[in-house]
There are 2 protein chains.
Amino acid sequence: MLGEIRDALTRGRLLLITARCTIHYEGRISSILPEGERIILIKQDRSVNIIQPQGVLPVNYMKEGSRVSLEEDETSHEPVLLIEHERLREQMRVILHRILDVKSYTLHDPARIELLGTEKDMHEYIYQHPELISPDFKPFSREEQTKYGYIDILGHDGQGNLIVVECKRGQADYTAVVQLERYVKRLAEERGVSEEKIRGVLAAPSMSEDAKAYLREKGFIFKRVQPPERRVRVKRQKGLDAWLGRA
Amino acid sequence: MLGEIRDALTRGRLLLITARCTIHYEGRISSILPEGERIILIKQDRSVNIIQPQGVLPVNYMKEGSRVSLEEDETSHEPVLLIEHERLREQMRVILHRILDVKSYTLHDPARIELLGTEKDMHEYIYQHPELISPDFKPFSREEQTKYGYIDILGHDGQGNLIVVECKRGQADYTAVVQLERYVKRLAEERGVSEEKIRGVLAAPSMSEDAKAYLREKGFIFKRVQPPERRVRVKRQKGLDAWLGRA
DNA sequence: ATATAGATCTCGTCA
DNA sequence: TGACGAGGTCTATAT
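Residues numbered from 1 in each chain as written. Chains lettered and ligands numbered in written order. Predicted model: local features only at pLDDT ≥ 70, side-chain atom pairs only at ≥ 80, totals over all residues. Heavy atoms only, no water.

Asker: How would you sum up the protein's contact with DNA strand C? Please name residues and give values.
Answerer: The local shell around DNA strand C holds 26 residues, among which Lys168(A), Arg169(A), Arg28(B), Tyr61(B) and Gln171(B) are the closest. Close to the protein, within 4 Å, the atoms of DNA strand C are drawn from sugar and phosphate at a rate of 86%. Residue Glu166(A) places a side-chain N or O atom 3.0 Å away from a phosphate oxygen belonging to DNA strand C. Note that a phosphate oxygen of DNA strand C is positioned 2.6 Å from one of the side-chain N or O atoms of Gln171(B). Listing elements by their share of the surface near DNA strand C, those giving two or more residues are helix H3 (174-191) of chain A together with strand E4 (60-62) of chain B. Considering only residue class, the surface near DNA strand C consists of 10 nonpolar, six polar and 10 charged. (Near = heavy atom within 4 Å. Polar contact = N/O pair within 3.5 Å; in protein donor to acceptor, adjacent residues only side chain to side chain. Helix = DSSP H or I, 4+ residues; strand = E, 2+ residues; numbered from the N terminus. Nonpolar A, V, L, I, M, F, W, Y, C, P; charged D, E, K, R; others polar.)

Asker: Break down the protein's contact with DNA strand D for me, citing the residues and quoting the values.
Answerer: Taken together, 26 residues sit near DNA strand D, with Arg28(A), Tyr61(A), Glu90(A), Arg169(B) and Arg182(B) positioned nearest. Considering the 4 Å shell around the protein, atoms of DNA strand D inside it are sugar or phosphate in 82% of instances. In this structure, a phosphate oxygen belonging to DNA strand D sits 3.1 Å away from a side-chain N or O atom of Glu166(B). The side chain of Gln179(B) places a nitrogen or oxygen atom 3.0 Å from a phosphate oxygen of DNA strand D. Secondary structure elements with two or more residues in the surface near DNA strand D: strand E4 (60-62) and strand E7 (90-105) of chain A together with helix H3 (174-191) of chain B. Ranked by residue count, the leading element in the surface near DNA strand D is H3(B), at three residues. Looking at the surface near DNA strand D, its residues break down into nine nonpolar, six polar and 11 charged.

Asker: Go over the relation of the copies chain B and chain A with me, naming the residues and quoting the values.
Answerer: Rotating chain B by 179 degrees and translating it 0.0 Å along the rotation axis places it on chain A, where the RMSD comes to 0.2 Å. These values place the two chain copies in the arrangement generated by a two-fold rotation axis. (Least-squares fit on C-alpha atoms with pLDDT ≥ 70 in both.)

Encoded structure:
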């Protein structure tokens with residue numbers, strides 16, 4: 001199995017090692033993951049994931065561009081994966097106590113994920129449906145990375161006031177208000193307008209009470225805007241066995 | 001290979017499927033990942049990762065507690081993994097165009113990762129070395145989830161002023177200042193003290209200029225505190241081949 | 001390289 | 001359960 005590991009490393013293949021191992025990381029922080037059975041995944045870009053049998057995210061990882069080598073522990077003589085990232089000054093040491101399985105592949109996957117329903121999509125929808133903000137809202141700029149900052153939507157009302165809209169696809173919190181405040185301030189400075197002539201609007205499906213209080217204090221407005229509708233309505237089903245029986 | 005998939009699903013085993021596939025997700029957002037060769041990882045807690053041969057993080061995922069079933073596409077008759085999370089109202093559909101490999105394991109890994117050098121460690125260090133903040137700093141409370149909020153370190157100086165310290169293990173940005181501002185405000189309210197009697201200190205290794213300006217505006221102080229020292233000094237090495245030659 | 005902000009953020013913790 | 005804050009956050013984008 002060490003032969004296959006060595007081969008996969010030289011050939012730049014994706015490598016999956018299932019093993020009882022101990023993992024040390026040092027870099028931005030130090031970490032120790034005590035002995036346990038888990039999967040070491042070395043990807044084709046030489047990023048590395050340490051994957052426990054539970055938990056959504058990899059418990060340990062190294063970023064792309066790491067250098068991976070197979071060595072031997074000086075004292076225990078166990079095989080060790082040494083993973084180093086020079087530029088980031090990080091390293092990981094995987095002590096392989098018992099290798100359960102080794103697999104390697106060269107996969108071809110140039111596909112990129114496409115997301116629908118992001119905050120950007122929300123801007124665009126509001127831009128097309130300004131009445132969601134107010135009956136007299138006339139948006140004229142959208143996420144344009146202007147010198148005023150990363151303002152989601154900029155527009156005006158019928159009375160010559162500027163309207164700054166900050167969108168959040170989830171519940172808006174205190175920091176969203178601060179962001180809005182910042183944009184309003186910048187805009188007032190840049191345009192030489194008083195802050196009273198600028199209306200700040202926070203558009204989100206919901207907002208915590210603390211954040212709402214702070215918003216009111218700043219004189220801004222919360223506008224409830226539903227995020228793109230969920231299409232999933234998972235219905236009650238029988239257990240796994242029943243499902244498998246159907247397959 | 002479908003047999004092994006079915007078996008691993010019924011037995012609650014960790015399942016690795018290497019396949020050319022297309023993935024649809026709907027839940028908090030919608031996503032499509034077009035056809036490509038990648039790994040489908042179904043963990044023992046029934047969380048799911050879709051892993052491309054490059055990139056640090058899984059490109060698609062489902063959280064623990066999903067229900068996984070193997071079905072057949074109604075039109076193409078290709079095998080499909082249907083992954084549903086009832087409580088979170090999320091679902092994923094993995095159309096398996098070509099299965100390259102299937103592996104399953106039952107792994108035992110109760111270990112939890114231990115981190116050294118976190119922000120919490122930084123609080124503790126400063127608490128033990130208050131002179132890092134100021135010669136007259138007397139800390140008396142540390143990350144204690146008081147009614148004043150999640151204040152990192154609370155103390156006083158020789159002149160009866162309260163000192164609130166907010167720590168950041170990385171570069172502090174303006175959101176750190178906002179956090180500090182919030183704590184100072186809360187504390188002033190709770191104790192019926194004027195905000196002038198409270199000194200806000202931001203302790204971090206560095207700070208962006210924008211954030212510094214905002215900090216000064218608020219009358220707070222930046223205190224440069226080095227995070228726990230990096231132990232890694234990865235030295236220049238020869239290429240991968242040389243390393244493998246040594247192994 | 002730095003700065004900013006979104007993310008299906010995730011994860012832990014506490015009321 | 002919701003709220004809040006850390007995270008080795010990661011990732012994309014603009015300066």
